[in-house]
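So you can see what is in the structure, the chains are spelled out below.
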Amino acid sequence: MSITVNYNNMMQYALGDKGISDAQLKEQEILAQSAHFLVEAGRGRGMQGWMDSPYDQAEVVKAVKSAAARIRRRFDCFVVLGIGGSALGPQAVFTALKHGYYNELPKKLRKGPRFYVLDNVDPDKMNALFDIIDLKKTVFNVITKSGSTSETMSQFLIVYDLLKARLGESAHEHIIATTDESKGNLIKLAQKEGFETFFIPDSVGGRFSELSPVGLLPAAVVGIDVSKLLKGARDMDRRCRSRYISKNPALALAVLQYVSMKQGKNISVMMPYSDRLKYIADWYAQLWAESLGKEKDKNGDVVNAGQTPVKALGVTDQHSQVQLYNEGPYDKVITFIEVGEYGSDVTIPNGCDEFPNLNFLCGHTLSELMTNELYATRYNLTLRGRANFTIRLDKVDAYHVGALLYLLQMQTAYAGAMLNINTYDQPGVEGGKDATYALFGRSGYEKKAEEMRSAKPDSEKYII
Ligand code: PA5
């Protein structure tokens, strides 16, 4: 396993009095070990079925690979319809592991169908997609754990209606449903219409589902080795069996984030130095925000827990956000993601000898520039007492990406246990959903509609 976690720059050792002392870390040892115990005790139970994903999917992998081979032969476009945990993972893994301009590659080089993720209900975006795909050559993978999410089901209804109008009886062959085996509307529709289906285990929630058929099918369709993704997760899981923070990287990260939260560092920045990993930061933002952002702990006490995730990209955001990280409030922990070996390289040519302030770059590669800029940014932040740590991947391949996803899921599970909150629910989003239903006049939401009607209207005074 060649993923390392370097947390020197979280500690007093590097940050002086702005850092965490060895003694402070030691104080958390019992809490960390009990978090580890709780997470292990829940392995495969409740909503922790995701911890079995690296181990118990031989049949799923077989089915996914065979479906992927069929799809690759028959279709030119593969479109994921989903939102939240049902879309962020497929997008993140695709971006990490496929060519940066995959869809634009000629078919001979691309080898698989073009790949799109529709994770919103913006009509302009949807119509734009219809402008560039040929329905006859497109398959839609509708992904929804609950089988009832309004956004995903709206996308599905629109697409299926179009398919039926254009293709008649064969329309159902263009839909693959990934959903719960028995709950929700999608499975009922799938059974009625005869869609091919993949099941998300009951014990795997949306944001923890990337290593289930949610992520495995889209990945396999574009030619990613899903067995290697799972192998990476498995090897990371082995490292997480230790209850010692000196051995378990996810536990170390969770403890450091926990102590930081207690110190008022309420923002968690993820900054990969790789365009390929850009959407891992998006995926992590949902995982971290929705899992830890909770009003009450398990005792019912108001704790308003959580850390606000911020997505940044190295080096791009050095010219956008890093000024704030260096000189703004001491309220952030920055997770750098370093890549040891990029997939390819480009050399900056010679030829600007007359410009001394440019020629220092000549003969160096872009990967050197990227890496040195990471080191320089990190050095400067550390000098200013800014908490940061680095997750380093030897390279961005299926094995390391599987391990990285699993590491971050474990970190989240431990942090949730340390905060004594329910990591796996999301009661905060229900209010917004109910209000949407009420606005649409959905039956059963009359009381909510009444409450909204009698709410204070906007005052003209504050509209200019
Ligand atoms: O993590 C979660 O459970 C949520 O963010 C879901 O992923 C999101 O709401 C989509 O839900 P579903 O997959 O049921 O359509």
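Worth saying up front: this structure is predicted, and the values here are computed from it rather than measured. (Residues numbered from 1 in each chain as written. Predicted model: local features only at pLDDT ≥ 70, side-chain atom pairs only at ≥ 80, totals over all residues. Heavy atoms only, no water.)

Participant: It is not clear to me how the packing of aromatic side chains should be interpreted in this structure. Could you clarify?
Facilitator: The full count for this structure, using the stated rule, is 12 aromatic pairs. Between the aromatic rings of Phe-156 and Tyr-160, the centroid separation amounts to 5.6 Å while the plane-to-plane angle is 15°, which identifies the pairing as stacked. Pair noted here: Phe-156 and Tyr-160 are both in helix 8 (residues 150-167), with a separation of four residues, about one helical turn. Under the relative-accessibility criterion, Phe-156 is labelled buried at 1%. With a relative accessible area of 7%, Tyr-160 lands in the buried category. (Phe/Tyr/Trp six-rings, centres within 6.5 Å; stacked < 30°, edge-to-face > 60°. Helix = DSSP H or I, 4+ residues; strand = E, 2+ residues; numbered from the N terminus. Buried < 20%, exposed > 50% of the residue type's maximum accessible area, 1.4 Å probe, protein only.)

Participant: Can you walk me through unusual backbone geometry in this structure?
Facilitator: Where the residue is not glycine, phi is negative for most of them; where a peptide bond is considered, it is trans in most cases. In the segment running from Gly-314 into Val-315, the intervening peptide bond is cis, with an omega of 0°. Among the structural elements, Val-315 can be located in the loop between strand 8 (308-311) and helix 14 (322-327). Positive phi values are uncommon outside glycine, yet Lys-111 reaches one of about 70°. With respect to the secondary-structure elements, Lys-111 resides in the loop between helix 6 (107-110) and strand 3 (114-118). Despite not being glycine, Asn-420 shows a phi value in the positive range, around 60°. Mapped onto the secondary structure, Asn-420 falls in the loop between helix 17 (398-419) and helix 18 (430-439).

Participant: Could you clarify how one ought to interpret the environment of Gly-444 in this entry?
Facilitator: Position of Gly-444 among the secondary structure elements: in the loop between helix 18 and helix 19 (446-453). Take Gly-444: its relative accessible area is 59%, and that puts it in the exposed class.

Participant: Even after reading the chapter, I still don't get the sheet that holds strand 9 (residues 332-341), so can you show me in this structure?
Facilitator: Strands in a sheet are paired, the pairing made by backbone hydrogen bonds, and the direction either parallel or antiparallel. In space, the five strands of this open sheet follow the order 1-10-9-7-8, with mixed pairing throughout. Of all the strands in the sheet, just strand 1 (3-6) and strand 8 have a single pairing partner and so form its edges. In this sheet, adjacent strand axes meet at a mean angle of 20° when their direction is disregarded. The pairing of strand 9 with strand 10 (residues 388-395) spans seven bridges and is classified as parallel. Each residue of the ladder has a partner; that of Thr-335, found in strand 10, is Phe-389. Each of strand 1, strand 7 (267-272), strand 9 and strand 10 touches helix 17; the most contacted strand, strand 10, lies at about 155° to it. (Pairing = 2+ DSSP bridges. Axes fitted to C-alpha atoms, helices over the stretch in contact; angles between N-to-C directions. Contact = heavy atoms within 4.5 Å.)

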